[in-house]
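Residue-level structure breakdown
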Amino acid sequence: MTPRRRNLGDAIREALLTGGTQAKVFAARAVAREWRLGRLEFAVDGSMPDRPCWPAELELLPPARMPKRGKMGSERNRIALWHALAHIEFVAIDLALDMAGRFGAAMGEEFVSDFLAVAADEAMHFALIARKLESLGSRYGALPVHDGLWSAALDTAHDVAARLAVVPMVLEARGLDVTPATLERVRAQGDNGGARILERILDDEIRHVAVGSKHFHACCAARGKNPRESWQKLVHTYFSGGLKGPFNDSARFAGGLPRDYYATIA
């Protein structure tokens, strides 16, 4: 008798509720692998936790209370940069898992496949940066972090279009803007290993923005909405930070985000 396959929603929920850093990485990659191999039943009821589990030692601060990072010259500032990047990638694991689990039933199997693949990428990015932090004599959790990224998930938990508009098409797209300059500063410090990590992340993030754009456009088509107008309205409603340049127009375009979407509301 063929054994009953595990429920996809349960597997995603368990990964979200895994708090340890290494365990979270393994859990996210395992869900993506098991789904890709057909070992999980496509059953997701959308009942994801309001908050994922994160390491108990993380000190969460409001974004406005975060210590300012200085330039890259000192070892302390290099650690602060890589710690901030580690937090972005760690939260991104849960953002992608939650996207698949919360909205997958309505959006379909291709949507789930795409965002579980994104979750696996983010887990790999975090693992690379965590090792980088260790090589600098630090670790993830050694510095305070802010909760702004997950706040965006809470604000858009009711609507897949809003989530797609804000998370991949604003927050991840912002990474396309700032990463090249960070990469050049890291390279100028002679840190070729760090530069290679950032090159890999930049390449992957273009694809992640493209995944978000693809499904946002599909969602708008299903709802009979104009995608550019809908995106601008959703960003105005659910993203309070405001869009600020300079923009990496070529990377954004490669990610399915044309300049006429954001230039007029920046």
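Everything numeric in this text was worked out from a predicted model, so none of it was measured.

1. Focus: helix 1 (residues 8-16)
Burial analysis of helix 1 places seven of its nine residues in the buried class, which makes it a mostly covered element. Where helix 1 is concerned, the buried positions are Leu8, Gly9, Ala11, Ile12, Arg13, Ala15 and Leu16. Taken together, the buried residues of helix 1 touch strand 1 (6-7), helix 2 (21-36), strand 2 (40-41), helix 3 (75-107) and helix 4 (109-135). Near the N-terminus of helix 1, the side chain that reaches the backbone nitrogen of Gly9, with its oxygen 2.7 Å away, is that of Asn7.

2. Some remarks on the packing of helix 3 against helix 5 (residues 148-155)
In contact at an axis separation of 9 Å, helix 3 and helix 5 are set at 15° when each is read in the N-to-C sense. By the angle between their axes, helix 3 is roughly parallel relative to helix 5. Between helix 3 and helix 5 the crossing geometry is right-handed. Counting all contacts with helix 3, which are made through Ile88, Val91, Asp94, Leu95 and Asp98, the residues of helix 5 involved are Leu149, Trp150 and Ala153. Its residues assigned to classes, the contact of helix 3 with helix 5 shows six nonpolar, no polar and two charged.

3. Regarding the packing of aromatic side chains
A full pass over the atoms with the stated rule returns seven aromatic pairs. Ring centres 5.9 Å apart and planes at 50° place the aromatic pair Trp35 and Phe42 in the tilted group. Centroid distance Phe247 to Tyr262: 4.8 Å. Interplanar angle 55°. Geometry classified as tilted. On the criterion of sequence distance, the pair formed by Phe247 in the loop between helix 8 (227-238) and helix 9 (249-254) and Tyr262 in helix 10 (residues 259-262) is long-range, its members being 15 residues apart. Each member of the pair Phe247 and Tyr262 is classed as buried. The rings of Phe90, Phe126 and Tyr140 are connected pair by pair, giving a single aromatic cluster.

4. Remarks on the nonpolar core
Counting 79 residues, the largest nonpolar core has Leu8, Ile12, Trp82, Leu97, Leu116, Phe216 and Trp231 as the members making the most contacts within it. Element by element, the count of residues in this core is highest for helix 3, at 14 residues. Setting aside residues up to four positions removed in sequence, Trp82 forms contacts with Ile129, Lys132, Leu133, Leu136, Val186, Asp191, Gly194, Ile197 and Leu198.

5. Details of helix 7 (residues 192-223)
An ideal rise of 1.5 Å per residue puts 46 Å on 32 residues; helix 7 measures up with 47 Å between its terminal C-alpha atoms. Phi turns positive, to about 70°, at Gly224, one or two residues after helix 7.

How each quantity is defined
- Residues numbered from 1 in each chain as written.
- Predicted model: local features only at pLDDT ≥ 70, side-chain atom pairs only at ≥ 80, totals over all residues.
- Heavy atoms only, no water.
- Buried < 20%, exposed > 50% of the residue type's maximum accessible area, 1.4 Å probe, protein only.
- Helix = DSSP H or I, 4+ residues; strand = E, 2+ residues; numbered from the N terminus.
- Contact = heavy atoms within 4.5 Å.
- Polar contact = N/O pair within 3.5 Å; in protein donor to acceptor, adjacent residues only side chain to side chain.
- Axes fitted to C-alpha atoms, helices over the stretch in contact; angles between N-to-C directions.
- Parallel < 35°, antiparallel > 145°, perpendicular 65-115°, else oblique.
- Left-handed = near helix turned anticlockwise from the far one by under 90°.
- Nonpolar A, V, L, I, M, F, W, Y, C, P; charged D, E, K, R; others polar.
- Phe/Tyr/Trp six-rings, centres within 6.5 Å; stacked < 30°, edge-to-face > 60°.
- Core = buried A, V, L, I, M, F, W, Y, C linked by side-chain atoms within 4.5 Å.
- Expected span 1.5 Å × (residues − 1).

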